[in-house]
Amino acid sequence: MTTTTEAAPPEVVPLTAPAKRPRRKLTPYWLLLPGIAWLVVFFAVPMIYQGSTSLQTGSLEEGFKVTWHFATYWDALVEYKWHFVRSFSYAATATVLCLAIGYPLAYTIAFKASKRWRNVILILVIAPFFTSFLIRTLAWKTILSDGGPVVGALNTLHLLDISDALGLTSGHRVLATPLAVVCGLTYNFLPFMILPLYTSLERIDPRLHEAAGDLYARPFTTFRKVTFPISLPGVVAGTLLTFIPASGDYINAQLLGSPSEQMVGNGIQKQFLNVLDYPTAAALSFILMALILGMVTVYMKKAGTEDLV
Amino acid sequence: MTEQLRDTAAAGGDVRLTGISKTYGASTAVHPLDLTVPQGSFFALLGASGCGKTTTLRMIAGLEEPSSGTVLIGGQDVTALPPYRRPVNTVFQSYALFPHLDIFENVAFGLRRRGKKDVRKQVEEMLELVELGAMARRKPHQLSGGQQQRVAVARALINHPQVLLLDEPLGALDLKLRRQMQLELKRIQTEVGITFVHVTHDQEEAMTMADTIAVMNGGRIEQLGAPADLYENPATTFVANFLGQSNLIPAEVTGRSGDELQLSASGVRLALPKARCATEATRVHLGVRPEKITIAHACTEVAEGRNRVAGTVVDSSFIGVSTQYVVRAETGQELAVFEQNMDRDVRIAAGAPVVLHWNPAHSFGMDATQAIDAGTGEEAA
């Protein structure tokens, strides 16, 4: 990712005799070969294949033919517009929550924790990855279930009245509501936020904090004017790593939501696996990709991270 | 700009430390010390790494909380104040410039934090003072080490501190640039008249720049004084060895005549002015600086009244401006002798028997209970 700009490695000065040079020039390309081959086979080829699928018409029985039928895109967009809206709003909410939860944690790990605790906390952050995504999400189903501890606690505090009124939950339930889906997304993508944040914060020289204090900045001003701006590349990387996969996710909506919380991922899954309408499914995938690309481009322009160290 | 800074300076910037100390758990970084830095002076805290000089500076800045004692700046007790409320600014080791801000904004940082609206004129004037006017819109990483150093000074000075603290500000620069910046800093200090407290491990740097030097060792101030005073009259073996180079000869006081002490070093009779002996003890170290000694062939006549030690040249090295000899003396030590290269072909070869002589008034004496190699950098830890 270009946003987590590392300082460019210093140019390597060749120590060997000039006779060996032509060979050395080729070395980087040989090193790139496995990666390029992988991308061609598993990215470029499927993309072209899906692109052609999205422009086909026909049915499973009669077979599909490329007819340059662009209307599929429009039809898919119209049919699934609310899925898109939900996808992006759930993903955006989850990203903001991840940032709100992840930043203080990453800050604590980077600046407050002792060396020993630092590693322990980092291991705890990635510990959920030791179980599968599906199992973790199923566990949340239990946690948020109607008779579960969360609903009980929220009921006691009468918070469900408020969230019901706001439309986040309904009928004093958490499961099968937008709140449950956002909770699941937040939980599942939190490590993708914390790790880049930690990396960018950890690189900040603590003396910069002292220098800011010495120059009349109170602790909060120091954070606002020094720490946060320098950590922006980490914020950008973390939000992208959270937002992009979260908008395409369908597991959380499937397991924690009801049909009225379905996201685009669920639509694509249904079209591909249940309805077997491959052109619509492929078109949906392309629309999702285009929209994400567009949003990311605007976001990166706004964040303007090129200038940052 | 300079006049404004002078006005601030006149407002009074005495730094007074009383009984200040710092302990970390069981280890003591700074033993209780009293220190007064007079307003407008260029003051250096000199010592090897780990001697407590940086901790002392950080306690003045408010970046370290003293375990005991008080810090007064210009008569105001600031011991309990956080750094952002103290009338001091710091030039940090390796500068700690804000990497995301350009030079202009780095320098303007302190002014903006205090709510100053129109900073442009001040910042530009300050950048002129450190000769970086053309660099205002560059980022710190686009500047050379020397330029970054000047930005750090400008960023601190623009706030008109009563005291400017400098923590090894030249440590990251190469030798030539360091020399240049020493003079530059001295010029700025003379121009603005603000009290500078400068921490360094480089004795030459301290002597070049400071009006007063406090030599620190093991969390204590060993000796305090003007550079020439410390150099000519070191009170301890640490100061004698750390500040320049010294020859120390263990000797016994055998008698006194008038203002002079008679000493015997392994049977060699030497004289030492009583006023230049820092101790009443009978066992002393007699010290003499290498450049104060004259070296001559063994057969040479030596004038009456000079201290005289025979020896053999072990090593001689020609370093351009002078020749440095190592002489195995009859008293048992290896003595260093620096001889100006004023005549040609006078270099004495290794192995030659020689006689060393010097004016007794150039000797100094100190208590022999101290380690003779303290501060040489080779002493047993």
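Residues numbered from 1 in each chain as written. Chains lettered and ligands numbered in written order. Predicted model: local features only at pLDDT ≥ 70, side-chain atom pairs only at ≥ 80, totals over all residues.

**Q** Can you break down the overall build of chain A residue by residue, with the values?
**A** A count of helical and extended segments in chain A gives 13 helices and two strands. Judged by the C-alpha coordinates and their principal axes, chain A covers about 70 × 65 × 35 Å. In chain A, buried positions account for 32% of the 309 residues. Of all intrachain contacts in chain A linking residues separated by at least 6 positions in sequence, the fraction that spans at least 24 positions is 71%. (Helix = DSSP H or I, 4+ residues; strand = E, 2+ residues; numbered from the N terminus. Buried ≥ 20, exposed ≤ 12 C-beta atoms within 10 Å, placed from the backbone. Contact = placed C-beta atoms within 7 Å.)

**Q** Provide a residue-level description of the domain arrangement of chain B, including the pertinent values.
**A** Taken as a whole, chain B is organised into domain 1 (2-232) and domain 2 (245-367). When each unit is reduced to the centre of its C-alpha atoms, the spacing between domain 1 of chain B and domain 2 of chain B is 40 Å. (Domains from an automatic or database assignment.)

**Q** With reference to specific residues and values, describe the nonpolar core.
**A** Counting 95 residues, the largest nonpolar core has V107, A154 and V197 of chain B as its most contacted members. For this core, the two domains that each supply at least three residues are domain 1 (2-232) and domain 2 (245-367) of chain B. Setting aside residues up to four positions removed in sequence, A154 of chain B forms contacts with V107, M126, L127, L129, V130 and L132 of chain B. By size, the runner-up hydrophobic cluster in this structure holds 48 residues, among which are V174, V181, L190 and I268 of chain A. (Core = buried A, V, L, I, M, F, W, Y, C linked by C-beta atoms within 7 Å.)

**Q** An account of the interface of chain A and chain B is needed here, citing residue identities and associated values.
**A** One widely used convention gives an interface's size as the accessible area the parts lose upon coming together. Contacts between chain A and chain B engage 17 residues on the former and 17 residues on the latter. Sorting elements by how many residues they give to the side of chain A that touches chain B places helix α9 (residues 206-214) of chain A first, with six residues. For the side of chain A that touches chain B, a count of residues per class yields ten nonpolar, two polar and five charged. (Nonpolar A, V, L, I, M, F, W, Y, C, P; charged D, E, K, R; others polar.)

**Q** Talk me through the environment of Q39 of chain B; I want residue IDs and the actual numbers.
**A** Residue and element names in this part refer to chain B. Tracing the backbone through its elements, the reader meets Q39 in the loop between β2 (27-37) and β3 (42-46). Overall, the presence of 18 C-beta atoms within 10 Å leaves Q39 in the partly exposed class. For the pair Q39 and F196, spaced 157 residues apart in sequence, the C-alpha to C-alpha distance is 8.9 Å.

**Q** Lay out unusual backbone geometry in plain terms, naming residues and giving numbers.
**A** Here the phi dihedral of H172 of chain A falls at roughly 55°; this positive angle occurs in a residue that is not glycine. If you trace the backbone, H172 of chain A turns up in the loop between α7 (159-166) and α8 (178-202). Under the C-beta neighbour-count criterion, H172 of chain A is labelled partly exposed, with 13 such atoms within 10 Å. Although it is not a glycine, E131 of chain B sits at a positive phi angle of roughly 60°.

**Q** Explain the pairing of strand β6 (residues 88-91) of chain B to me, using residue names and the numbers behind them.
**A** All names here are of chain B. Of the two faces of β6, the one lined by V88 and T90 and the one lined by N89 and V91 are each fully buried. In this sheet, strand β7 (residues 163-167) lies alongside β6 in parallel orientation, the contact comprising four bridges. Bridging from a neighbouring strand, V91 pairs with L166 of β7. (Pairing = 2+ DSSP bridges.)

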